[in-house]
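A closer look at the structure
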Amino acid sequence: KVYGCGMQNGYFDHTGRDVSISEGGGWDVGGRANPVPFFMSSTGYGMLRNTFSPGRYMFQQQRMLIHDDHGLDAFYFVAPDMKEVLGLYTSITGGPVLPPIWGLWLGDSDCYNNQRHNFSTSYALEIARNYSVHDMPRGWMLVNDGYGCGYTSREELQHTEDGMAANGLRMGLWTSTGLANASWEIGSAGSRAIKTDVAWVGSGYRFGLQAVKLAANLMQNNSNSRPYTWTVCGWAGTHKYAVVWTGDNTGGWEFIRMQIPTVIGSGLSALAHASGDVDGIFGGSPETYVRDLQWKTFLTASMTMSGWAPRDKQPWTFGEPYTRYNRQALRLKARLTPYLYTLSYEAHVTGVPPVRAMPLEFPNEPWVGVNTSFSFMYQFMSGPFFLVAPVFRNESTRSGIALPAGEWIDYSSGERFEGPKVVDDYPAPLDVLPVFVKAGAIVPMWPLMDFVGQRPVDELTLDIFPTSAAGGSQFTLHEDDGLTRNYVSGQVATQTFTVIVSLAGSVSVEIGKSLGAYEGKPSRRSYILQVHAASPATTVRLAGAASPLPRCSCEALEATAFAQGWATGCGAPGGHGSLVYIKTGHISSDSSASVDLQLEVGGLPSHEFESSLPTDDDARSFASLVV
């Protein structure tokens, strides 16, 4: 199989295809919003043409690679698997940009200096306030997104930025003409995001790459913020500076269908942060808005753009029940911030994207009985743990979901599945996105908040999905200040979480020390463990404590800040009794801790069941259990 070639709208597997390495073809299926002269094979090699000339790659039985220049200047990469090929490729082109942490949240864009908004840039503050009124998590806003829009005055732009900050938003600016005023806009007006338009960066691939590099340098030279740029007309190396998007699309079911393989394929050229406008900029409907926003919960980039469709594109526009469904998606996205930020950091270092094609994450899976031409196009892994299967038809079921070998947990219901398995007719009413969690997952989550910085992050939830059988798993959290480039000088912290399931089924959760330092790092944290155990818990103990943690009701535990204790079924679908909700109380960041859960096995507490088993220290050791 052959992958890569940048953002090729509607495709990710190019086996048997002729692929144009040139911008054009419109913004729908077949369009090439961000071509890249790179490809790689599933057999473990890749090639980058060192050129800014357009080309054409023919991946037929006989392969032909043509560029409109003289001679051959190319890098070849050979590695055991595609992840390592991406690592070699980004060692030449640079690692994908690490966005500011608020850039992982929803962005909003429109032109306000126009007749529709009384030629007032500060009208954007009405939209900002509505995000607060509707309790919608949000990250940033572009306040001049439209040809010839500009802004009312410098004074009004500064006033607008002040109001944005008061509502938890970072202000950004769109440009179709260049960055002549960017130093003032960044340094004095507080702009923190830049969107470059095809009318400007489309002047050529070398020019487009230099443009996003200039945008990044201007942000660094005029503020202490890290760059955050969105662009089209990308090329090899664009990923080092910018997020890419699919172009000016029309919202609808076909748009959702087209985007899924587009985003998957972009990651296979190290375009790690790729997306499309939520429900497009034209057209759209209440149902397609909900469905499009749902799956973008698991991406690292998402934005709405108003002004081109009959209705604006904010998540409350269509009223209930759609507003509630959109809030649900945005709240989950906000809570997943530490997980998605860690994936972004891994992409920055390794080139492996947060959105991972199934053959990238499971290269040795035989996929027996799977229609891979369908399943691979329309499902993906968000990092190592979440299998996401977007709904892209006007239907309330989803079929053709291919689960790889191993144990998987339905994220909505808690039901366990054993793969390999193809799931058909999965119930997916409008408020449900089909997501399966790989057993062993440890997902760090922030407290619920509407914007970055609204509350401290000295409480961390670990959403844990232990295996049913004996085994072990780990996840290493990456943290820094999320705003500046201080991470480049080593101001970062890492923390490893480990889960071990014994032969008898008891579960041990190990909370490692936070290693490293950065400005604003919490000196201590309390942890909430949400353990989706395979059977009910009987006892929970904090290692070293004289007695087990007290068991109490969900209401009592949730109402008491920083209390220690545990309960079952809190917030679980149908009051699922095997979901264990544990509060640890404060733990110093310089200390480690362990929480042990005894579970029922065959009606007996696991410690009683375990006493009847033969001792096998090797089998119980972490080295033999961790996967």
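As a reminder, the structure under discussion sits directly above these lines.
Residues numbered from 1 in each chain as written. Predicted model: local features only at pLDDT ≥ 70, side-chain atom pairs only at ≥ 80, totals over all residues. Heavy atoms only, no water.

Attention shifts here to the overall build of the protein chain. A count of helices and strands for the protein chain gives 16 helices and 36 strands. At 25 Å, the protein chain has a C-alpha radius of gyration in line with the 25 Å of a compact globule built from 627 residues. Among the 627 residues that make up the protein chain, the fraction classed as buried is 60%. By sequence separation, contacts in the protein chain at least 24 residues apart represent 69% of the contacts at least 6 residues apart. When the accessible surface of the protein chain is summed, it comes to about 22900 Å², and 50% of that surface belongs to carbon and sulfur atoms. Charged side chains of the protein chain number 44 positive and 58 negative; the gap between the two group centres comes to 3 Å. (Helix = DSSP H or I, 4+ residues; strand = E, 2+ residues; numbered from the N terminus. Rg over C-alpha atoms; globule rule 2.2 N^0.38 Å. Buried < 20%, exposed > 50% of the residue type's maximum accessible area, 1.4 Å probe, protein only. Contact = heavy atoms within 4.5 Å. Areas by Shrake-Rupley, 256 points an atom, 1.4 Å probe, with all protein chains shown as cover. Lys, Arg positive; Asp, Glu negative; His and termini not counted. Charge placed at Lys NZ, Arg CZ, Asp CG, Glu CD.)

Right, let's get into the nonpolar core. F38, W295, F386, F436, L529, I582 and L597 are the most contacted members of the largest nonpolar core, which totals 141 residues. Here F38 is in contact with G4, C5, M47, L48, Y57, F77, V85, L86, Y89, L268 and S269, once residues within four sequence places are set aside. By size, the runner-up hydrophobic cluster in this structure holds 28 residues, among which are A128, M164, Y289 and L330. (Core = buried A, V, L, I, M, F, W, Y, C linked by side-chain atoms within 4.5 Å.)

Scanning the entire structure with this criterion turns up two disulfides. Between the sulfur of C111 and that of C149 lies a disulfide, 2.1 Å long from S to S. Between C111 and C149, the S-S torsion sits near 95°, and that sign places the bridge as right-handed. In this pair, C111 is assigned in the loop between β8 (107-109) and α2 (124-133) and C149 in the loop between β9 (140-142) and α3 (154-166), connecting sequence segments 38 residues apart. For the residue pair C111 and C149, the accessibility class agrees, reading buried in each case. The residue that forms a disulfide with C554 is C570, at a sulfur-sulfur distance of 2.1 Å. Its S-S torsion of approximately -95° makes the covalent link between C554 and C570 left-handed. Of this pair, C554 sits in helix α13 (residues 554-559) while C570 sits in the loop between β33 (565-568) and β34 (579-588), and the two are 16 residues apart along the sequence. Of the two residues examined, C554 and C570, each falls in the buried class. Here C552 stays unpaired: no disulfide links it, and the sulfur of C570, its closest cysteine neighbor, is 7.9 Å away. (Disulfide = S-S within 2.5 Å.)

Time to look at the side chain of D197. Mapping D197 onto the fold places it in the loop between β11 (193-196) and α5 (198-201). At 5.9 Å, K195 is the nearest oppositely charged side chain to D197, a buried residue that forms no salt bridge. Within polar-contact distance, the side chain of D197 engages the backbone nitrogen of A199 at 2.8 Å. With sequence-adjacent residues up to four places away left out, D197 is seen in contact with Y147, W174, T175, S176 and G202. (Salt bridge = Lys/Arg side-chain N within 4 Å of Asp/Glu carboxyl O. Polar contact = N/O pair within 3.5 Å; in protein donor to acceptor, adjacent residues only side chain to side chain.)

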